Amino acid sequence: MSEPSPRPERLLTHQFALCFVAHGLQAIAFNLYLPFPKRLNELGASDFVIGLAASLTGLAAVLARPAIGRAMDRSGRRATILLGGALHILATAAYLAIDRVGPVLVATRLLHGIAEAMLFSALFTFAADYVPARKRTQGLALFGVSGMLPIGIGPTAANWLVVNSGWPAVFLTASG
């Protein structure tokens, strides 16, 4: 009698699925803001100011990443996800207070970038922790779908919300 073949390491686990869904929802919320330059245009911002405001989120995300990595090593992925999630809710709700181009816009965009960097970094790392080493490429490619689908869903939903309910609906949906 031959020995039973080893049980293949599972890629799709409960933890992986939960992380996939969490990242997908967070990514939809982030991508709801892709049409935000329209709102800035409505507030009278110039093209230069719109470009500057759009770049602040990415700049904050890039600059915060080294500190986020150290924080994840020190405090763990779960703590980073929880803090990032709380900051994300705060940032997305803060858009409700933006009624002109000014300091509130700048602070909100910077906070949004930091929150996104925390969530993206921690959720991807968390997912990688649950992917079997022999299936790492396949697992992370599959996990990447949770960030790619929202690129189409978020702006489409935001445009629909703006037309049917206005900008506050976008901001409240993202906060939810």
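Caption draft 1: Here's a closer look at the side chain of Thr57. Structurally, Thr57 is set in helix α3 (residues 47-75). Setting aside anything within four residues of it in sequence, one finds Thr57 in contact with Phe30, Arg109, His112 and Gly113.

Caption draft 2: Looking closely at the pattern of salt bridges. Per the stated rule, a full pass over the model turns up two salt bridges. Between Arg39 and Glu42 there is a salt bridge; the shortest N-O distance is 3.4 Å. Of the two residues, Arg39 and Glu42 are both situated in helix α2 (residues 36-42); the distance of three residues between them amounts to about one turn of the helix. The partner of Arg77 in a salt bridge is Asp129, with the nearest N and O atoms 2.6 Å apart.

Caption draft 3: Looking closely at the packing of helix α1 (residues 14-31) against helix α5 (residues 103-130). Closest axis-to-axis distance for the α1/α5 pair is 9 Å, and the angle between their directions is 160 degrees. Compared by their axis directions, α1 and α5 come out roughly antiparallel. Between α1 and α5 lies a crossing of left-handed hand. For the pair formed by α1 and α5, the contact residues are Gln15, Phe16, Cys19, Ala22, His23, Gln26 and Phe30 on the first element and His112, Glu116, Leu119, Phe120, Leu123, Phe124, Phe126, Ala127 and Tyr130 on the second.

Caption draft 4: Main features of the nonpolar core. Ranked by internal contacts, the top residues of the largest apolar core, which has 18 residues, are Tyr33, Phe36, Leu40, Val170 and Phe171. Elements with a minimum of two residues in this core: α2, α3, α6 (136-165) and α7 (167-175). With five residues, α7 is the largest single contributor of residues to this core. Beyond its immediate stretch of four places on either side in the chain, Phe36 contacts Tyr95, Ile98, Leu105, Arg109, Trp167 and Phe171. Core analysis: the second largest hydrophobic core is formed by eleven residues, Met72, Ala122, Ala127 and Phe143 among them.

Caption draft 5: Molecular detail of α3. In a regular helix each residue adds 1.5 Å, so 29 residues correspond to 42 Å; α3 covers 41 Å between its end C-alpha atoms and thus fits that length. The sharpest bend along α3 measures roughly 45 degrees and falls at Arg65, with the proline Pro66 sitting one to four residues further on. Taken as a whole, α3 has its buried residues at Ile50, Ala53, Leu56, Thr57, Ala60, Ala61, Ala64, Ile68 and Met72. Backbone geometry just after α3 places Gly76 at a positive phi near 100 degrees.

What counts and how
Residues numbered from 1 in each chain as written. Predicted model: local features only at pLDDT ≥ 70, side-chain atom pairs only at ≥ 80, totals over all residues. Heavy atoms only, no water. Helix = DSSP H or I, 4+ residues; strand = E, 2+ residues; numbered from the N terminus. Contact = heavy atoms within 4.5 Å. Salt bridge = Lys/Arg side-chain N within 4 Å of Asp/Glu carboxyl O. Axes fitted to C-alpha atoms, helices over the stretch in contact; angles between N-to-C directions. Parallel < 35°, antiparallel > 145°, perpendicular 65-115°, else oblique. Left-handed = near helix turned anticlockwise from the far one by under 90°. Core = buried A, V, L, I, M, F, W, Y, C linked by side-chain atoms within 4.5 Å. Buried < 20%, exposed > 50% of the residue type's maximum accessible area, 1.4 Å probe, protein only. Expected span 1.5 Å × (residues − 1). Bend = angle between axes of the 7 residues up to and from the residue.

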